[in-house]
Amino acid sequence: QGALNLINEIKKMSKELGIPQTLADVGVSKAEYLKHKNHIIKSAVNDACTVTNPVKIDASSVEMILKGIEIFTK
């Protein structure tokens, strides 16, 4: 319950601060996103910073993260 409360509070604060919640919120169209999706995933997996990430990532991990922000309609 504590973790859920934290998540909800972060979402609330993000909205209050005007932080975009989705790709659509920053003007990315679904077509443009789909055009570049594979490149985004490949670039994230191959990024030098992922070497020091405490959790090993792969393409499916990155795709799961992207699914959380790819909402194009509200």
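Residues numbered from 1 in each chain as written. Predicted model: local features only at pLDDT ≥ 70, side-chain atom pairs only at ≥ 80, totals over all residues. Heavy atoms only, no water.

Enquirer: Where do I start with helix α1 (residues 2-16) in this structure?
Expert: Spacing of three or four residues puts side chains on the same side of an α-helix, whose turn is 3.6 residues. Its 15 residues give α1 an end-to-end C-alpha distance of 21 Å, which sits within 8% of 21 Å, the value for a rise of 1.5 Å per residue. Positive backbone phi, approximately 75°, marks Gly18, located one or two places after α1. (Helix = DSSP H or I, 4+ residues; strand = E, 2+ residues; numbered from the N terminus. Expected span 1.5 Å × (residues − 1).)

Enquirer: Just to check I follow, could you spell out the environment of Pro20 for this structure?
Expert: For Pro20, the location among the structural elements is in the loop between α1 and α2 (30-46). Classification of Pro20 by relative accessible area gives partly exposed; the value is 44%. When the C-alpha atoms of Pro20 and Ile69 are compared, they prove to be 9.6 Å apart, with 49 residues separating the residues in sequence. Not counting the four nearest positions on each side in its chain, Pro20 is found in contact with Asp25 and Val26. (Buried < 20%, exposed > 50% of the residue type's maximum accessible area, 1.4 Å probe, protein only. Contact = heavy atoms within 4.5 Å.)

Enquirer: What should I look at first to understand the pattern of salt bridges in this one?
Expert: Close approach of charged atoms allows side chains with opposite charge to pair. Counted by the stated rule, this structure contains 1 salt bridge. Salt-bridge contacts for Glu63 lead to Lys37; the nearest nitrogen and oxygen are separated by 3.0 Å. Within this pair, whereas Glu63 is found in helix α3 (residues 59-67), its partner Lys37 is found in helix α2, the two being separated by 26 residues in sequence. Residue classification places Lys37 among the buried positions, given a relative accessible area of 15%. (Salt bridge = Lys/Arg side-chain N within 4 Å of Asp/Glu carboxyl O.)

Enquirer: Looking at this structure, I do not really get the environment of Lys15. What am I missing?
Expert: Here Lys15 shows up in helix α1. On the basis of relative accessible area, Lys15 is assigned to the exposed category, the value being 60%.

Enquirer: What is the right way to look at the side chain of Ser14 in this model?
Expert: Position of Ser14 among the secondary structure elements: in helix α1. Beyond its immediate sequence surroundings of up to four residues, Ser14 is in contact with Ile19 and Gln21.

Enquirer: In this structure, what is going on with the side chain of Thr22? I would like to understand it.
Expert: Mapped onto the secondary structure, Thr22 falls in the loop between α1 and α2. Among the polar contacts made by the side chain of Thr22, one reaches the main-chain amide nitrogen of Ala24 at a distance of 3.4 Å. Only 3.1 Å separates the side chain of Thr22 from the backbone nitrogen of Asp25, close enough to count as a polar contact. Not counting chain neighbours up to four residues away, the residues in contact with Thr22 comprise Ile69 and Ile71. (Polar contact = N/O pair within 3.5 Å; in protein donor to acceptor, adjacent residues only side chain to side chain.)

Enquirer: I tried to follow the environment of Ile41 on my own but got confused; where do I start?
Expert: Counting through the fold element by element, Ile41 comes out in helix α2. Note: C-alpha distance between Ile41 and Asp58 (17 residues apart in sequence) is 8.7 Å.

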